[in-house]
Amino acid sequence: MTRVPATAPPGTFVLDAVDGTARAATLELAHGTVQTPVFMPVGTKATVKALDPLELEALGAQIILGNTYHLHLRPGEELIEELGGLHRFMGWSRPLLTDSGGFQVFSLLDTARIDDDGVTFRSVYDGTAERFTPEIAMGIQRALGSDIAMCLDECPPGGAPRDDVARAVARTTAWADRCSRTEPAPGQLRFGIVQGGVHLDLRRESADAIAGMGFDGHAL
């Protein structure tokens, strides 16, 4: 796989400018440099709808997102890995971030069963049962070869009772610990995710726990 040479190792984050509470920075990734803040187009199924990679580059897209859940179901991470990874599969040479499938835990709650080990839900394509654990989610992202892999988390609905949100924080923390113990793809960064809903104390609790696990970055 051809990699864009970086001026610094993946994960290098340089603060370039500050204006009040706003900041601009440079993030080095295995497939190139990202200037933050950045807009990240969503390419759920390895394509940004209505735009090809050359058009995305012409528009200045620096990084795009792929969906772990959907790519696992179709065409499958084994095929994508066999074809050289997600970058080659979709014809995109710049950085990629893959989510973990955690949002599908939220969006498919009607057919999902969450437990402390992971989550089981129905395929949106054929209704078959699918199982995601932290280890499975990170293994899929390793096979895809994204620049940034997100930890599996539990995202409760916005109006969920506080007790449910607290349980989601505890589960997300336990899952993050398991994610941190998996092996990433070469040059791949891993980001933890903070939960806690609208409850400031739970968000602080979650942030403190996730920040102590040594991830390369954190999603708030």
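Not measured: the values here are computed from a predicted model. (Residues numbered from 1 in each chain as written. Predicted model: local features only at pLDDT ≥ 70, side-chain atom pairs only at ≥ 80, totals over all residues. Heavy atoms only, no water.)

**Q** Teacher, can you tell me more about helix H8 (residues 200–211) here?
**A** Within an α-helix, residues lying three or four positions from one another point in the same direction, as the helix has 3.6 residues per turn. With 12 residues, H8 extends 16 Å from end C-alpha to end C-alpha; this agrees with the ideal 16 Å at 1.5 Å per step. For H8, every residue scored as buried is listed here: Leu202, Ser206 and Ile210. Down the axis of H8, the smallest arc covering the buried residues is 60°, so these residues share one side. Exposed side of H8, more than 90 degrees from the buried face: Leu200, Arg204 and Asp208 are the residues found there. The secondary structure elements touched by the buried residues of H8 are helix H7 (162–180), strand S10 (189–193) and strand S11 (217–219). (Helix = DSSP H or I, 4+ residues; strand = E, 2+ residues; numbered from the N terminus. Expected span 1.5 Å × (residues − 1). Buried < 20%, exposed > 50% of the residue type's maximum accessible area, 1.4 Å probe, protein only. Arc of directions from axis to C-beta. Contact = heavy atoms within 4.5 Å.)

**Q** Looking at this structure, I do not really get the side chain of Glu154. What am I missing?
**A** Along the chain, the position of Glu154 falls in the loop between strand S9 (148–150) and H7. A relative accessible area of 11% means that Glu154 is categorised as buried. Excluding residues that lie within four positions of it along the chain, Glu154 makes contacts with Ile114, Ala168, Arg171, Thr172, Trp175 and Gln195.

**Q** What should I look at first to understand the packing of aromatic side chains in this one?
**A** For any pair of aromatic rings, the description rests on two quantities: the centre-to-centre distance and the angle between the ring planes. For the coordinates displayed, the defined rule picks out three aromatic pairs. For the pair Tyr69 and Phe121, a centre-to-centre distance of 5.0 Å together with 75° between the ring planes defines the contact as edge-to-face. Of the two residues, Tyr69 is situated in helix H2 (residues 68–73) and Phe121 in strand S7 (residues 119–122); the sequence distance between them amounts to 52 residues. Both residues of the pair, Tyr69 and Phe121, belong to the buried class. A ring pair is formed by Phe121 and Phe132, whose centres lie 5.6 Å apart and whose planes are at 55°; its orientation type is tilted. Note that Phe121 is positioned in strand S7 and Phe132 in strand S8 (residues 129–132), a separation of 11 residues in sequence. When sorted by exposure, Phe121 lands in the same class as Phe132, which is buried. (Phe/Tyr/Trp six-rings, centres within 6.5 Å; stacked < 30°, edge-to-face > 60°.)

**Q** So what exactly am I meant to see when it comes to the nonpolar core here?
**A** The nonpolar side chains of a soluble globular protein tend to be buried with one another. Ile64, Leu86, Met90, Trp92 and Phe132 are the most contacted members of the largest nonpolar core, which totals 30 residues. Within the residue set of this core, elements represented by two or more residues are H2, helix H4 (86–90), S7, helix H6 (134–144) and H7. Tallying contributions element by element places H6 first for this core, with four residues. Once residues within four sequence positions are removed from consideration, Phe132 is found in contact with Thr68, Tyr69, His72, Ser100, Gly101, Gly118, Val119, Phe121, Ala137, Ile140 and Leu152. (Core = buried A, V, L, I, M, F, W, Y, C linked by side-chain atoms within 4.5 Å.)

**Q** What is the right way to read the state of the cysteines from this model?
**A** A covalent bond between the sulfur atoms of two cysteines is what we call a disulfide. Summed over all chains, the structure comprises zero disulfides. Summary of cysteine pairing: Cys151 is not part of a disulfide, and the nearest cysteine sulfur, belonging to Cys179, is at 4.0 Å. For Cys151, a relative accessible area of 1% gives the class buried. Summary of cysteine pairing: Cys155 is not part of a disulfide, and the nearest cysteine sulfur, belonging to Cys151, is at 15 Å. (Disulfide = S-S within 2.5 Å.)

**Q** What is the right way to read a nonpolar patch on the surface from this model?
**A** Together, Phe13, Leu15 and Val18 make up a nonpolar patch on the protein surface, roughly 280 Å² of accessible area in all. Following the sequence through the fold, Leu15 ends up in strand S1 (residues 13–19). (Patch = residues over 30% accessible without salt bridge, like charges linked within 9 Å, V, L, I, M, F, W, Y side chains within 5 Å. Areas by Shrake-Rupley, 256 points an atom, 1.4 Å probe, with all protein chains shown as cover. Salt bridge = Lys/Arg side-chain N within 4 Å of Asp/Glu carboxyl O.)

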